[in-house]
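Listed below are the residues making up each chain.
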Amino acid sequence: MTTAAVFASPVDTEVFGAYQARHPSPRDGVERPFYPFQDRIGAPGSSPYPAEPGRYHLYVSYGCPWAQIVSVVRAAKDLEEVVTASYVDEERDGRGWAFRERFGPDPVNGFALLRDAYELTEPGYDGHISVPTLWDRATTRVVSNDFPVIPVDLATRFDAWGDASVDLYPEHLHGEIDAFDSRITAEVKAGGLVDGVNALDAHEAQLAESAFVHGETLTLSDIRLWVKLIRFEVGYHAAIERDGRGLPDYPNLWAYTRRLYERPEFAGTTRPEVLRAQRDRILGEKPPGAVHEAAVRRDEEWAKG
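These numbers come from a predicted model, not from an experiment.

Undergrad: Could you clarify how one ought to interpret the overall build of the chain in this entry?
TA: On a plain count of helices and strands, the chain comes out with 13 helices and 6 strands. A compact globule built from 305 residues would reach a C-alpha radius of gyration of about 19 Å, and the chain, at 20 Å, matches this within 12%. Its C-alpha atoms give the chain principal-axis dimensions of about 55 × 50 × 45 Å. A buried classification covers 50% of the 305 residues belonging to the chain. Counting only contacts in the chain whose residues sit at least 6 apart along the sequence, the fraction spanning at least 24 positions is 69%. Put simply, the chain shows about 13,900 Å² of open surface, and 51% of that area lies on carbon and sulfur atoms.

Undergrad: Explain the sheet that holds strand E4 (residues 141-144) to me, please; I cannot follow it from the model alone.
TA: Backbone-to-backbone hydrogen bonds pair the strands of a sheet. The strands run either parallel or antiparallel. Strand order in the open sheet formed by 4 strands is E2-E1-E3-E4, and the pairing between neighbours is mixed. Edge positions in the sheet fall to strand E2 (84-87) and E4, since each of these pairs with one other strand and no more. In this sheet, neighbouring strand axes are inclined to one another by 35° on average, regardless of whether the strands run parallel or antiparallel. Of the strand pairs in this sheet, strand E3 (residues 133-136) and E4 are connected by 3 bridges, and their pairing is antiparallel. What sits directly across from Leu-134, in E4, is Ser-144. In the packing of helix H2 (residues 65-76) onto the sheet, the strands contacted are strand E1 (56-60) and E2, and the crossing angle to E1 comes to about 135°.

Undergrad: Is there a simple way to think about the side chain of Arg-55 in this case?
TA: You can see Arg-55 is positioned in the loop between helix H1 (13-16) and E1. Within polar-contact distance, the side chain of Arg-55 engages the side chain of Glu-52 at 3.4 Å. Among the polar contacts made by the side chain of Arg-55, one reaches the side chain of Asp-136 at a distance of 2.6 Å. If near-sequence neighbours (up to four positions away) are discounted, Arg-55 is found in contact with Pro-48, Tyr-49, Pro-50, Val-82, Trp-135, Asp-136, Arg-137, Ala-138 and Thr-139.

Undergrad: What exactly am I supposed to notice about the environment of Phe-158 here?
TA: Within the secondary structure, Phe-158 sits in the loop between helix H4 (150-157) and helix H5 (174-189). We classify Phe-158 as buried; its relative accessible area is 2%. C-alpha of Phe-158 to C-alpha of Leu-218: the two residues are 60 residues apart in sequence and 18 Å apart in space. Residues within four places of Phe-158 in sequence aside, it is in contact with Ile-41, Ala-51, Glu-52, Tyr-56, Leu-79, Val-82, Val-83 and Asp-153.

Undergrad: What is the right way to read the pattern of salt bridges from this model?
TA: Here the structure, examined in full by the defined rule, presents 20 salt bridges. Here Arg-298 makes a salt bridge to Glu-233, at a shortest N to O gap of 2.7 Å. With Arg-298 in helix H13 (residues 290-303) and Glu-233 in helix H8 (residues 232-235), this pair connects stretches of sequence that are 65 residues apart. The same class applies to Arg-298 and to Glu-233, which are both buried. Taken together, the shared-partner salt bridges in this structure form one network comprising Glu-233, Arg-279, Asp-280, Arg-298 and Asp-299.

Undergrad: Explain the nonpolar core to me, please; I cannot follow it from the model alone.
TA: Soluble globular proteins tend to bury their nonpolar side chains together. Grouped together as the largest cluster of nonpolar side chains are 80 residues, with contacts concentrated most on Leu-154, Phe-158, Leu-225 and Leu-229. Considering each element in turn, this core owes the most residues, 7 residues, to H2.

Undergrad: Any chance you could explain the packing of aromatic side chains here in plain terms?
TA: Describing an aromatic ring pair means giving the distance of the ring centres and the angle of the ring planes. Throughout the structure, instances matching the rule amount to 18 aromatic pairs. Joined through ring pairs, the aromatic side chains of Trp-226, Trp-254, Tyr-261, Phe-266 and Trp-302 make up one cluster. Sitting above the plane of the Trp-302 ring, Arg-258 keeps its charged end 4.6 Å from the centroid. Of note, Arg-259 hangs over the ring of Phe-212, and the distance from its end group to the ring centre comes to 5.2 Å.

Undergrad: Even after reading the chapter, I still don't get helix H7 (residues 220-229), so can you show me in this structure?
TA: For an α-helix the count is 3.6 residues per turn, leaving residues at separations of three or four pointing the same way. By the criterion of burial, H7 is predominantly enclosed, with 10 of the 10 residues buried. Within H7, burial applies to Leu-220, Ser-221, Asp-222, Ile-223, Arg-224, Leu-225, Trp-226, Val-227, Lys-228 and Leu-229.

Undergrad: Would you take a moment to explain the side chain of Lys-77 for this structure?
TA: Relative to the helices and strands, Lys-77 is located in the loop between H2 and E2. For Lys-77, a relative accessible area of 1% corresponds to the buried category. Residues in contact with Lys-77, not counting those within four places in the same chain, are Leu-154, Ala-155, Asp-159, Gly-162, Asp-163, Ala-164, Val-166 and Leu-168.

Undergrad: Looking at this structure, I do not really get the packing of helix H6 (residues 199-209) against helix H10 (residues 251-261). What am I missing?
TA: If you want to describe how two helices pack, look at the angle between their axes and the distance between the axes. Contact geometry of H6 with H10 gives a least axis separation of 8 Å together with a crossing angle of 70°. With respect to H10, the element H6 is oriented roughly perpendicular. Two secondary-structure elements touch here, H6 through Leu-200, His-203, Glu-204, Leu-207 and Ala-208 and H10 through Pro-251, Asn-252, Leu-253 and Tyr-256. Taken together, the residues of the contact of H6 with H10 break down into 6 nonpolar, 2 polar and 1 charged.

How each quantity is defined
Residues numbered from 1 in each chain as written. Predicted model: local features only at pLDDT ≥ 70, side-chain atom pairs only at ≥ 80, totals over all residues. Heavy atoms only, no water. Helix = DSSP H or I, 4+ residues; strand = E, 2+ residues; numbered from the N terminus. Rg over C-alpha atoms; globule rule 2.2 N^0.38 Å. Buried < 20%, exposed > 50% of the residue type's maximum accessible area, 1.4 Å probe, protein only. Contact = heavy atoms within 4.5 Å. Areas by Shrake-Rupley, 256 points an atom, 1.4 Å probe, with all protein chains shown as cover. Pairing = 2+ DSSP bridges. Axes fitted to C-alpha atoms, helices over the stretch in contact; angles between N-to-C directions. Polar contact = N/O pair within 3.5 Å; in protein donor to acceptor, adjacent residues only side chain to side chain. Salt bridge = Lys/Arg side-chain N within 4 Å of Asp/Glu carboxyl O. Core = buried A, V, L, I, M, F, W, Y, C linked by side-chain atoms within 4.5 Å. Phe/Tyr/Trp six-rings, centres within 6.5 Å; stacked < 30°, edge-to-face > 60°. Lys NZ or Arg CZ within 6 Å of the ring centre and 35° of its normal. Parallel < 35°, antiparallel > 145°, perpendicular 65-115°, else oblique. Nonpolar A, V, L, I, M, F, W, Y, C, P; charged D, E, K, R; others polar.

Have a look at this one:
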């Protein structure tokens, strides 16, 4: 017997309102993190969530940079058959992320809304519904929505079933990779200007000296930087407004962005039409100016090949 796919109804902000991300309510009088599900994948016998093939499922999106980091790691480590994934629709109303025909149904639980996964895990949950979300088939609950940590677990816990030769989180670079993650997060929150300094100049200089952020090997840092560069005008709008420079005006960053896009783990997890629509929607709320001009110029230069 074939079960019909379940999809959410179309986005309707008049009925459901606009989505509002909020902290979950305190538990036993104690405030909780914005991303409160923070369990980890561990070695068999050392964790309630041991690494096992086929046990875990990722809920991700094409538009969210944090979700794409997870998708790139999953592809780079050859884990597509080990940790499955499905994509939410890119539009949302007050119900949060949903599954619609464009990217297909939830193949694991048949949820119409990602909220259903959180409700099953914690009845009455009233916090942020986010991607990426890591789901455990065995316990039927959300393991984690802690977006900086999920890629680390994917990169390190499944070598027995994935490509162990790809080391995205080398032990001797843990400190540098973690520090770089914090740095990138702060940069994007500031629109590329940190204490009035254009953060891109440091990246440009760094990539003049090496092929990747930490030398000659791809790491999590490169994936975290690349997903911001491919969304350049959204993430670095303040830097653009400062001096008008777009991504092609940084020769090393431009070449780096294009070079990584030639790799299947990057190209295969990117939907350019989704990123363009997302960018155009955000820029549509701003008056015309340098950021819009930078977007047009990048599209023109990218099309030249």
